[in-house]
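Each chain is listed here by its residues.
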Amino acid sequence: MPSTAEVFLPFHRALIEEEEKRAVLEVLDSGWLTTGPRVRQFESEFARFVEAAHAIAVNSCTAALHLALAALKVGQGDEVIVPTMTFAATGEVVLYMDARPVLVDCVPGSFHLDPQQVEAAITQRTKAIIPVHYAGLPCDMDSILNIARARNLKVVEDAAHSLPADYQGKKIGSLGDITCFSFYATKTLTTGEGGMITTHDPALADHMRILGLHGISRDAWKRYTAKGTWKYEILEAGYKYNLTDLQAAIGLAQLKKCDSMRNARARVAHTYSQLLADQDVFELPALSPGKGHAWHLYVIQVNPRSLRIHRDQVIEELRERGIGSSVHFIPLHLHPLYQNRLGYRPGQFPEAEARFDAALSLPIYPDMTDAEIERVVEALRDIGRRFRS
Ligand SMILES: Cc1ncc(COP(=O)(O)O)c(C=O)c1O
């Protein structure tokens, strides 16, 4: 077994280099710390990068999803279809609007929401669908967009994991009505905390921009500049969701290397897949034709038939060998909020429960060395040898 005295290999390590540090110092020297020219530049470069007409920077993907539903006027009594296999944010924003998150299960053998179940879950009250491009692999967007168009529903993509990713040659960020990205510390582009909304619809873009800064009339951020005016109008009750220039400066530096960081993660993923191919105790992530994977996560399944120990113990075994790992996600319907407030019960979404029970996310980040990848692989092989049933 490798020495436990070895340096701990974290589950995630952000790639922060000289350009991010320099960019932050420049903003500090400029004297303009909050939303300003760097945010506007980040928005326009991001929009170009994902081939969307408009991009609005916000302080999280949760804020982005909230503004999307607010701009689509989701309200009391409405329903929004959400995969149960997702993070808290995707469902809670529906509750912010006093609407009901209607949960659906995964496609068998996958972590993605099942379009057939989406169709079956639609009622007169359904307003929108929020597909989650889990791990960075796009959902079956043709089916989801076709279902939505036929029923006049909106599609808000939760793209927290999927920058950069593409579907049938189109960038994620350019497909649905609104797409929401995350720049949280562990994401594929990070600003510490942050997010971006993209859309082709100019009216929705304007509205989300206003709602994201107190419902104050456009260009309010300019009011402290030489060209600005002190006057402003509050148009509606908005939110304080703006990104700062300090964060945008980091984001701009990260965006420049977004493709190369993706390629570096893809290399880690392919190396894992090659080196673990002979391990029947672990099921490896599948690729899909026509889908460009962002490789935010590399999620394996611990095969309960060939390993004596549960996934939770595999995590402990990895930890003892100095390796961090994680689980994405505990399905929403297994949480007290969804059971007590919305009446969901364990057993309702068997595919998601089985996937969750066996899921294990391995370290994957751009600057992982061959030795680090091999260390993870060797630890898994060792666990496989010791605990085979
Ligand atoms: C699928 C998914 N959606 C939304 C979010 C929320 O992102 P943020 O932390 O930027 O609000 C996350 C964060 O982990 C996520 O994994």
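Residues numbered from 1 in each chain as written. Predicted model: local features only at pLDDT ≥ 70, side-chain atom pairs only at ≥ 80, totals over all residues. Heavy atoms only, no water.

A short note on the environment of Pro289
Relative to the helices and strands, Pro289 is located in the loop between strand E10 (282–283) and strand E11 (291–292). When the C-alpha positions of Pro289 and Tyr167 are compared, they lie 9.2 Å apart, and in sequence the two are 122 residues distant. (Helix = DSSP H or I, 4+ residues; strand = E, 2+ residues; numbered from the N terminus.)

Things to note about the domain arrangement of the protein
When cut into domains, the protein gives domain 1 (18–256) and domain 2 (258–387). When each unit is reduced to the centre of its C-alpha atoms, the spacing between domain 1 and domain 2 is 26 Å. Across the contact, 44 residues belong to domain 1 and 35 residues belong to domain 2. Carbon and sulfur atoms make up 62% of the area that domain 1 and domain 2 hide from each other, which totals about 3300 Å². Scanning the region where domain 1 abuts domain 2 turns up zero salt bridges. The interface formed by domain 1 and domain 2 includes 17 residue pairs in polar contact (both at pLDDT 80 or more). Only strand E2 (79–83), helix H4 (88–96), strand E3 (100–104), strand E6 (166–167) and helix H8 (245–256) provide two or more residues apiece to the side of domain 1 that touches domain 2. When residues in the side of domain 1 that touches domain 2 are grouped by element, the largest group, five residues, is from E3. (Domains from an automatic or database assignment. Contact = heavy atoms within 4.5 Å. Buried area = accessible area lost by both parts, 1.4 Å probe. Salt bridge = Lys/Arg side-chain N within 4 Å of Asp/Glu carboxyl O. Polar contact = N/O pair within 3.5 Å; in protein donor to acceptor, adjacent residues only side chain to side chain.)

Examining the sheet that holds strand E7 (residues 170–171)
Judged by pairing direction, the sheet is antiparallel, and its three strands sit side by side in the order E7-E6-E11 without closing on themselves. In this open sheet, the two edge strands, each paired with only one partner strand, are E7 and E11. Bridge count between E6 and E7: two bridges; the pairing is antiparallel. Each residue of the ladder has a partner; that of Tyr167, found in E7, is Lys170. (Pairing = 2+ DSSP bridges.)

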